[in-house]
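An overview of the molecular structure
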Amino acid sequence: MAAPLAASDLRTRRSVSGASPGSAAGGWASAPANDTGSGSWGATGQASPNFGGGGSPYANGHGSPYGGGQGGYGHSPGSSAWGHSAGGGGQSYAAGRDASSNGNGRQESMSNELRGTFLLILATAMFLHADQNLAAPNLSAIADDFQMTPMQKDTRLGGMVQFGFFLIGGAVSLLVGPATDQIDRVTLLSAVVLSGSVPSLLMSLWVPSSKAGFFYFFLARICTGVAIGGSFPVLFSLTADLFPASQRTFVSTCISAATNVGAAVGGMLAGIIGPKYGWRVPFRVMAVPALACAVLVRLLLVDPRTVKLKKRAQEEAASANPAFSAWLGGEDANPSGYVRIEELDFLKFKRILDVRTNMLIFAQALPGCIPLSCIVTFLSDYLAVEQGMKVQASTAVTAVFGVSCLCFAVGGGLVGQKLYNQRKDQLPLMISATTACAAIPFIMLVNSPQSAVTAPSGRPTAFALLLALLGGCAATAGPNIRAMLMNVNDGEVRGTVFSAFTLFDDLGKGMGPSIIVAATVIFGRRLAYTLAFTLWWLSASILFTLRTSLPMDAARSGGSLLPFKSK
């Protein structure tokens, strides 16, 4: 019987036939049948019960650390080539790799564990973003409660609150982004959700009905903005490591759809419940499920990168001499789980701008988000005050827009994935065209006479609902833009990239209401809103220029331009 091999030998030598039970002749040494993927190059292993996709960092199902089926880098019974098991290849979730097809060319389906992970992530994103639009349908009621004049309603609730909500949230994402690249993302996601839902719940229970109450309302909205702004780098960095490039547009579409559904459901709920039970009740209703999602995320999800790092540390500790390491004053291989502020690599923000696709996407975010901030913040109140609709009816218009955004996001994501796989230069043409077309329905909506958009009963006309439905084509760009950022950037900088994208996105959403309020003072509401919607045309022209940079940056995965610190 062959002599046992050292741990280092398993990575450099072929195993002797019969050295370990179940291994194939001439293959790498396999792991025991009940091993949860602990062997470095094990052929088989049993799936881990934890959410996150199996017993290895990037595995879907069971197998070795770098394979998603039986025999990721080894031979399993009946296979004849690396990466094949029973005729199918292992699925890799390593960043930047696309190994989602089996040996027959069919796409691998999600395991039950990974599907549970994904559904919980979608639910968390939905309930967190449901808080975003809770104030808009009841803007006048909130202003009356805080004893504000009509001008203060626009400047404070429409301008100041939105500015703090998005700008401070975007600034916090600059810290969350580099932290996402270094610490456990599950813990971070749970923390950012709690930072938004707890203040929102407390605000709905104890904020006084007076001028002083606005201060507490303002602080609670800032905390919600911090949660939403900090969640994007974590969500997209985590899901990009769980899914290959061929599925990332679909994943990005689902996350964008979840945020749109949450915002639409939250706005609709506030419009229905707010006038009857008070504007505070919707905040309370949405905070409770968000708190539950934060707890479930911490208890059930596992960060695949953390599992990988722990496993690597265990292997290094097993192969090292502990006494000799202690004599040299070496550090513990298993860190305590926190990171110091000086360890965050903020120079990544400069490096990611070397990728032209990143720079163009960041540039279009500001003009592209100002029209959305106009819809979210002012449209419901404008339809109720200027166009004579009931509050519930004006909320129905924005709800139709939200449902339309969901449909266009899902459909646009599916079409965008096909274009990206076949003709990458055609994808920017599609999203620039839909962005440009989205401005036309809303310009018509705010400039139409009251009789054209409001029925005598105070309900919206079919024409108004049709315009809101067509305006949803603006959502086609969102999931495709985020998928581009996933695909042209390496895993080491995705958290930083999405924190920068969130900052530019939030600049438009936060500064947009203030810019619109200033334009309203000069031009009046109708013309100010019209000018805001024309900014979609500027955003579309920038998206059009991606048709030359996207294929080149995707071919090199964005990484050849980005020097990283050695690990």
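Before going into details, it helps to say that this report is about the structure given with it. (Residues numbered from 1 in each chain as written. Predicted model: local features only at pLDDT ≥ 70, side-chain atom pairs only at ≥ 80, totals over all residues. Heavy atoms only, no water.)

1. A few points about the overall build of the protein
Cut-off, in case you're wondering: Numbered from the N terminus, helices here are DSSP runs of H or I no shorter than four residues, and strands are runs of E no shorter than two. Remark: exposure states derive from per-residue accessible area (1.4 Å probe, protein chains only) relative to the maximum for the residue type, with buried under 20%, exposed over 50%, and partly exposed in between. Residue contacts are defined here by distance: any two heavy atoms, one from each residue, within 4.5 Å place the two residues in contact. Using a 1.4 Å probe, the Shrake-Rupley method yields the accessible areas, and only the shown protein chains count as cover for residues.
Along the protein, the regular secondary structure elements total 19 helices and two strands. Evaluated residue by residue, the protein yields a buried proportion of 55% over its 567 residues. Sequence-distant contacts, at least 24 apart, represent 76% of the contacts inside the protein between residues at least 6 apart. Of the roughly 23,500 Å² of accessible surface on the protein, 64% is carried by carbon and sulfur atoms.

2. Remarks on the pattern of salt bridges
Keep this limit in mind: Whenever Lys or Arg places a side-chain nitrogen within 4 Å of a carboxyl oxygen from Asp or Glu, that contact is recorded as a salt bridge.
Inspection of the entire model under this criterion finds nine salt bridges. The closest approach of N and O atoms between aspartate 381 and lysine 153, which form a salt bridge, is 3.2 Å. Within this pair, whereas aspartate 381 is found in helix H11 (residues 356-385), its partner lysine 153 is found in helix H3 (residues 150-180), the two being separated by 228 residues in sequence. For the pair shown, aspartate 381 and lysine 153 are each scored as buried. Between glutamate 386 and arginine 525 there is a salt bridge whose closest N-O contact spans 3.7 Å. A residue pair is termed long-range when its members are at least 10 positions apart, and glutamate 386 in the loop between H11 and helix H12 (391-422) and arginine 525 in helix H18 (residues 525-544) qualify at 139 residues. We classify glutamate 386 as partly exposed; its relative accessible area is 39%.

3. As for the environment of proline 244
Residue placement: proline 244 occurs in the loop between helix H5 (213-242) and helix H6 (245-277). Taking the C-alpha atoms as reference points, proline 244 and asparagine 487, separated by 243 residues in sequence, lie 9.3 Å from one another.

4. Comments concerning the packing of helix H13 (residues 427-447) against H18
Basically, it comes down to this: Here, axes are lines fitted to C-alpha atoms. For helices the fit covers the stretch in contact, and angles between N-to-C directions go from 0 to 180 degrees. Working definition: roughly parallel below 35 degrees, roughly antiparallel above 145 degrees, roughly perpendicular at 65 to 115 degrees, and oblique for all remaining angles.
Following both chains from N to C, one finds H13 and H18 inclined at 170°, their axes separated by 8 Å at the closest point. As far as their axial angle goes, H18 and H13 are roughly antiparallel.

5. A look at the environment of serine 539
Within the fold, serine 539 resides in helix H18. Separated by 175 residues in sequence, serine 539 and glutamine 364 place their C-alpha atoms 4.8 Å apart. Beyond its immediate stretch of four places on either side in the chain, serine 539 contacts Gln364, Pro367, Gly368 and Thr435.

6. Looking at helix H17 (residues 494-523)
Put simply, the test is: A helix is expected to span 1.5 Å for every residue after the first. For a residue, the bend is simply the angle between two axes, fitted respectively to the seven-residue segment ending there and the seven-residue segment starting there.
With 30 residues, H17 ought to run about 44 Å at 1.5 Å a step, and its terminal C-alpha atoms sit 41 Å apart, in line with that. The largest bend in H17 amounts to roughly 35° and is located at glycine 512, with the proline proline 513 lying one to four residues further along. Burial of H17 is extensive: 21 of the 30 residues sit out of reach of the surface.

7. Digging into unusual backbone geometry
In this structure, glutamine 147 takes a positive phi of about 60° despite not being glycine. If you trace the backbone, glutamine 147 turns up in the loop between helix H2 (139-145) and H3.

8. Some thoughts on helix H16 (residues 477-488)
The terminal C-alpha atoms of H16 lie 16 Å apart, and with twelve residues this matches the ideal 16 Å at 1.5 Å per residue to within 8%. Most of H16 sits inside the fold, with eleven of its twelve residues counted as buried. Ala477, Pro479, Asn480, Ile481, Arg482, Ala483, Met484, Leu485, Met486, Asn487 and Val488 are the residues of H16 that are buried.

9. A short note on the packing of aromatic side chains
This is how the line gets drawn: Pairing of aromatic rings covers Phe, Tyr and the six-membered ring of Trp, with a centre-to-centre limit of 6.5 Å; geometry is then stacked below 30 degrees between planes, edge-to-face above 60, and tilted otherwise. Charge-over-ring contacts are defined here by two conditions on Lys NZ or Arg CZ: a distance within 6 Å of the ring centre and an angle within 35 degrees of the ring normal.
Tallied over the full model, the rule gives 17 aromatic pairs. Centre to centre, the rings of phenylalanine 362 and phenylalanine 504 are 5.2 Å apart; their planes meet at 10°, and the pair counts as stacked. Placement of phenylalanine 362 in helix H11 and of phenylalanine 504 in helix H17 is noted, with a sequence separation of 142 residues between them. Phenylalanine 362 sits in the buried class, given a relative accessible area of 3%. We classify phenylalanine 504 as partly exposed; its relative accessible area is 30%. Ring pairing ties together the aromatic residues Phe146, Phe214, Phe217, Phe218, Trp279 and Phe283, which thus form one cluster. One residue, lysine 424, lies across the ring of tyrosine 420, its end atom 4.6 Å from the ring centre.

10. Details of the state of the cysteines
Threshold: Counting rule for disulfides: a pair of cysteine sulfur atoms within 2.5 Å.
Scanning the entire structure with this criterion turns up zero disulfides. Take cysteine 405: it sits in no disulfide, and the sulfur closest to it among the cysteines is that of cysteine 473, at 8.7 Å. Relative accessible area serves as the criterion here: at 7%, cysteine 405 is assigned to the buried category.

11. Remarks on the environment of serine 210
For serine 210, the location among the structural elements is in the loop between helix H4 (185-206) and H5. Each C-alpha atom, one on serine 210 and one on alanine 143, is 9.9 Å from the other, the two residues being 67 residues apart in sequence. Every residue in contact with serine 210, bar those within four places of it in the chain, is listed here: Asp145, Phe146 and Gln147.

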